[in-house]
Amino acid sequence: MRVRFWGTRGSIATPGSFTLGYGGNTSCVEVRAGQDVLIFDAGTGIRELGLSLVEEARGAPLTLHLFISHTHWDHIQGFPFFVPAYLPSTTLHVYGSPGQGRSLEKILRGQMDSDYFPVALGDLSSTMQMHEFRGGEFAIGDTTISAMYLNHPGMNLGYRIVHGGKTVVYATDNEPYRYTLDHLGRRAEAGREFGGRLDEEFVRFVAGADLYIGEAQYTDEEYPAKIGWGHSSLSATVEVALKAHVKSLALFHHDPMHGDETVSAMVAVAQRLISSQLSPLRCFAAREGQILDV
Ligand SMILES: [Zn+2]
Ligand SMILES: [Zn+2]
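Computed from a predicted model, the values in this text were never measured in an experiment. Residue indices follow the written sequence of each chain, beginning from 1 at its first position. Naming scheme: in the order in which they are written, chains are lettered from A and ligands are numbered from 1. Restriction of local features to residues with pLDDT of at least 70 applies here, the model being predicted, together with a cutoff of 80 or more for giving and counting side-chain atom pairs; totals for whole chains, interfaces and linings are based on all residues. Excluding hydrogens and water, the side-chain figures rest on all heavy atoms present in the structure.

> Looking at this structure, I do not really get the sheet that holds strand β7 (residues 136-140). What am I missing?
Strand pairing in a sheet relies on backbone hydrogen bonds. The paired strands run either parallel or antiparallel. When DSSP locates at least two bridges between a pair of strands, those strands are taken to pair. Helix and strand definitions follow DSSP, with helices as H or I runs of at least four residues and strands as E runs of at least two, each counted in order from the N terminus. Spatially, 7 strands are ordered β7-β8-β9-β10-β11-β12-β13 in an open sheet, and the strand pairing comes out mixed. Where the open sheet ends on each side, the last strands, each with one partner, are β7 and β13 (282-285). When strand polarity is set aside, the average angle formed by the axes of neighbouring strands in this sheet is 20°. Inter-axis angles, ranging from 0 to 180 degrees, are taken between N-to-C directions of lines fitted to C-alpha atoms, where helices are fitted over the stretch in contact.

Written as structure tokens, this is what we have:
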């Protein structure tokens, strides 16, 4: 598989001189699995991806598979600017969870309502097929995709992609359950235990991945003020990667407040944690434009 990061930022696009290194566009990752083009999230990074796909196709029809983790702004805001969706020759499969009381299609239609955007979803010329699901496993060609709900406000799916004996996990916007439940406090020890069991399920979902694209939005110092917001501290994400014995960890969903220097410093902290465990785990921060062969 070939993985390319088109947007690595969380929460809101953050252009400027201090984010030139790791990038300012929000979540969008392209995975080429054989002939299939899989796209994970439609943050602002998907605009450039769309232009690149159209250029590469040179007028030939495109079939694309877009997986939405969840419909917070930073994961869908680039969609109205995704040029292939405007072309009659494109077939676009969109996958994701329904929201809380609204279908995926209704939510995507909502962000293109005329109060927010001049072109309606229904006016796009591509053939669009919505595939709603709530976890489970299915195949696209010779690629197997499984999905699991993560701990985040709203309905958020992580994805495990297996192709040609290799595994990539894309799991962003995720907070360990045991911290959220502990913070809510009402269930005390029982809550922490229950949360711990749910966290183990997530470790099994990530287990053995060749590449784990995991979010680490906050430093360990920042996290205590953000408990319950649905994001991970750096050490929590490193801990999952170590427990799951993944080969590589790409730190993802960089906080808008974190310039390149902060992100690099977080990588150094993560690497110290990893070497203190004598683990061969490779860790780096996802960078916009970066291409990885898995
Ligand atoms: Zn996000
Ligand atoms: Zn989110």
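> Just checking my understanding: could you explain the side chain of S27 for this structure?
Considering the arrangement of structural elements, one finds S27 in the loop between β1 (2-7) and β2 (28-33). Two residues form a contact once any of their heavy atoms are found within 4.5 Å. Filtering out sequence-adjacent residues up to four positions away, S27 remains in contact with G7, R9, F40, D41, A42, G43, D74, H75, Y170, F252 and H253.

> What's the story with the pattern of salt bridges in this structure? I'm lost.
If the charged atoms of two oppositely charged side chains come close together, the side chains can form a pair. Take a side-chain nitrogen of Lys or Arg and a carboxyl oxygen of Asp or Glu: if they are within 4 Å of each other, that pair is a salt bridge. Per the stated rule, a full pass over the model turns up 10 salt bridges. Its salt-bridge partner being R178, residue D199 comes within 2.8 Å of it at the nearest N-O pair. In this pair, D199 sits in helix α5 (residues 188-206) while R178 sits in helix α4 (residues 177-184), placing the two residues 21 residues apart along the sequence. Here R178 falls in the partly exposed class, since its relative accessible area comes to 21%. With a shortest N-O distance of 3.1 Å, K247 and D210 are connected by a salt bridge. Of this pair, K247 sits in the loop between α6 (234-243) and β12 (248-252) while D210 sits in the loop between α5 and β11 (211-215), placing them 37 residues apart in sequence. For K247, a relative accessible area of 52% translates into the label exposed. You can call D210 buried: its relative accessible area is 11%. Among the charged side chains, a salt-bridge network with shared partners connects R178, D199, E200, E239 and K243. Relative accessibility thresholds used throughout: buried, under 20% of the residue-type maximum; exposed, over 50%; partly exposed, between the two (1.4 Å probe, protein chains only).

> Any chance you could explain the coordination of the zinc ion (ligand 1) here in plain terms?
Ideal donor angles around a metal are set by the shape: a four-donor tetrahedron calls for 109.5 degrees, a six-donor octahedron for 90 or 180 degrees. Distances decide who is a donor: an N, O or S atom must be within 2.8 Å of the metal, or within 3.2 Å for Na, K and Ca. Water is not included, so sites may look incomplete. In the first shell of the zinc ion (ligand 1), the protein supplies D74 (OD), H75 (NE2), D173 (OD) and H253 (NE2), at 2.1 to 2.2 Å from the metal. Working rule for geometry: tetrahedral if four donors all subtend angles between 85 and 135 degrees; square planar for four, octahedral for six, if opposite donors exceed 155 degrees and the others stay between 65 and 115; irregular in every other situation. Relative to the metal, the 4 donor atoms surrounding the zinc ion (ligand 1) lie at angles of 90 to 164°, and the coordination shape comes out irregular. In primary sequence terms, the donor set of the zinc ion (ligand 1) follows D-H-x97-D-x79-H. Judged by its relative accessible area of 5%, D74 is buried. By relative accessible area, which is 1% here, D173 ends up buried.

> What is the right way to read helix α7 (residues 260-276) from this model?
Each α-helix winds once per 3.6 residues, and so residues spaced three or four apart point in a common direction. Its 17 residues give α7 an end-to-end C-alpha distance of 25 Å, which sits within 8% of 24 Å, the value for a rise of 1.5 Å per residue. Along α7, the residues classified as buried are D260, V263, M266, V267, A270 and I274. Mapping the buried residues of α7 onto a view down its axis gives an arc of 120°, with all of them on the same face. Those residues of α7 that are exposed and angled more than 90 degrees off the buried face are E261, R272 and S276. Those residues of α7 hidden inside the fold are in contact with α6, β12 and β13. Residue L278 follows α7 closely and has a positive phi angle near 55°. One less than the residue count of a helix, multiplied by 1.5 Å, gives the span that helix is expected to have. An arc is given here, and it is the one of the directions from the helix axis to the C-beta atoms.

> Please clarify how helix α3 (residues 104-111) should be interpreted in this entry.
Along α3, the residues classified as buried are L104, I107, L108 and Q111. Buried residues of α3, seen end-on, are gathered within an arc of 95° and therefore sit on one face of the element. Tucked inside the fold, the buried residues of α3 contact α2 (73-76), β5 (90-96) and β6 (127-132).

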